[in-house]
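Descriptive structure summary
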Amino acid sequence: MLWKPGAIVAAFSLPFAPQQFADAHGYLETPRSRNFYAHEVGPGCSGANCPPAEYCHHCLNLNENVCGKFGSRSYDDPNWVDKDGNPMPWIPQ
């Protein structure tokens, strides 16, 4: 069997080609969604206007309306509250 030069080059260069991988968990990063903001800011934030810490920024698998729900925390609630239970201010991203 005779190999063509192009096939030989392709066969030997394929293992060295740059690999691209996909992240299977989708989430809204820009502009930041409420749960992504709570994931970035919540764990290290203290005081007023600190969202409850969110440890799974891509886990809005349950849905009641538009924004999603994780466990008992619904991001559809227009009265999004901070760690102390006070309403969070609108923070444009």
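Scroll up for the structure.
A few points on the structure.

Criteria and thresholds
- The written sequence of each chain sets the order in which its residues are numbered from 1.
- Per-residue local features are limited, in this predicted model, to residues with pLDDT of at least 70; the limit for side-chain atom pairs, both in listing and counting, is 80 or more; totals at the level of whole chains, interfaces and linings are taken over all residues.
- Excluding hydrogens and water, the side-chain figures rest on all heavy atoms present in the structure.
- Helix and strand assignments follow DSSP, with helices taken as H or I runs no shorter than four residues and strands as E runs no shorter than two, numbered in order from the N terminus.
- Type-normalised accessible area, obtained with a 1.4 Å probe on protein chains alone, sets the label of each residue: buried when under 20%, exposed when over 50%, and partly exposed for intermediate values.
- Residue contacts follow a heavy-atom distance rule, with two residues in contact if any of their heavy atoms lie within 4.5 Å.
- Calculation of accessible area relied on Shrake-Rupley with a 1.4 Å probe; when residues are assessed, cover is drawn exclusively from the protein chains displayed.
- Throughout this description, the term salt bridge denotes a Lys or Arg side-chain nitrogen within 4 Å of a carboxyl oxygen of Asp or Glu.
- When charges are counted, Lys and Arg are positive and Asp and Glu negative, with His and the chain ends excluded.
- Within 3.5 Å is the distance limit for a polar contact, defined as a pair of N or O atoms, with the added protein rule that one can donate a hydrogen and the other accept it, and that residues adjacent in sequence qualify only through two side-chain atoms.
- Residues enter a nonpolar core if they are buried and are Ala, Val, Leu, Ile, Met, Phe, Trp, Tyr or Cys, with the set joined through side-chain atoms within 4.5 Å.

Let us now look at the overall build of the chain. Along the backbone of the chain there are two helices and two strands. Helices and strands in the chain line up, N terminus first, as α-α-β-β. Per-residue burial for the chain yields a buried fraction of 20% across its 93 residues. Intrachain contacts of the chain at a sequence separation of at least 6 include 40% that bridge at least 24 residues. Total accessible area on the chain is roughly 7,100 Å²; 60% of this is exposed by carbon and sulfur atoms.

Glancing now at the pattern of salt bridges. Under the defined criterion, the tally for this structure stands at one salt bridge. Residue E40 pairs with R32 through a salt bridge whose shortest N-O separation is 2.5 Å.

This part is about the environment of N49. Tracing the chain through its elements places N49 in the loop between α2 (34-41) and β1 (69-70). A relative accessible area of 37% means that N49 is categorised as partly exposed. In this structure, N49 is in contact with D82, P87, M88 and P89, ignoring residues within four places of it in sequence.

This part is about the side chain of D82. If you trace the backbone, D82 turns up in the segment after β2 (73-74). The buried charged residue D82 lacks any salt bridge, with K83 as its nearest oppositely charged partner at 9.7 Å. Here N49 takes part through its backbone nitrogen, which lies 3.2 Å from a polar atom of the side chain of D82. Only 2.9 Å separates the side chain of D82 from the backbone nitrogen of D84, close enough to count as a polar contact. Sequence-distant contacts of D82, that is, excluding residues within four places in its chain, are made with A48, N49, C50, P51, P52 and M88.

Judged by nonpolar contacts, Y37, A38, Y75, W80 and M88 together constitute the single largest core of five residues. Every residue in contact with Y75, bar those within four places of it in the chain, is listed here: R34, N35, A38, E54, L60, C67, G68 and W80.

Turning our attention to the environment of L28. In this structure, L28 sits in the loop between α1 (5-13) and α2. Along the chain, L28 and H57 lie 29 residues apart, while their C-alpha atoms are 9.0 Å from each other. L28 has contacts with S33 and F36, leaving out every residue within four places of it along the chain.

By the secondary structure assignment, P87 is in the segment after β2. The residues touching P87, leaving out its near neighbours within four places in the chain, are N49, W80 and V81.

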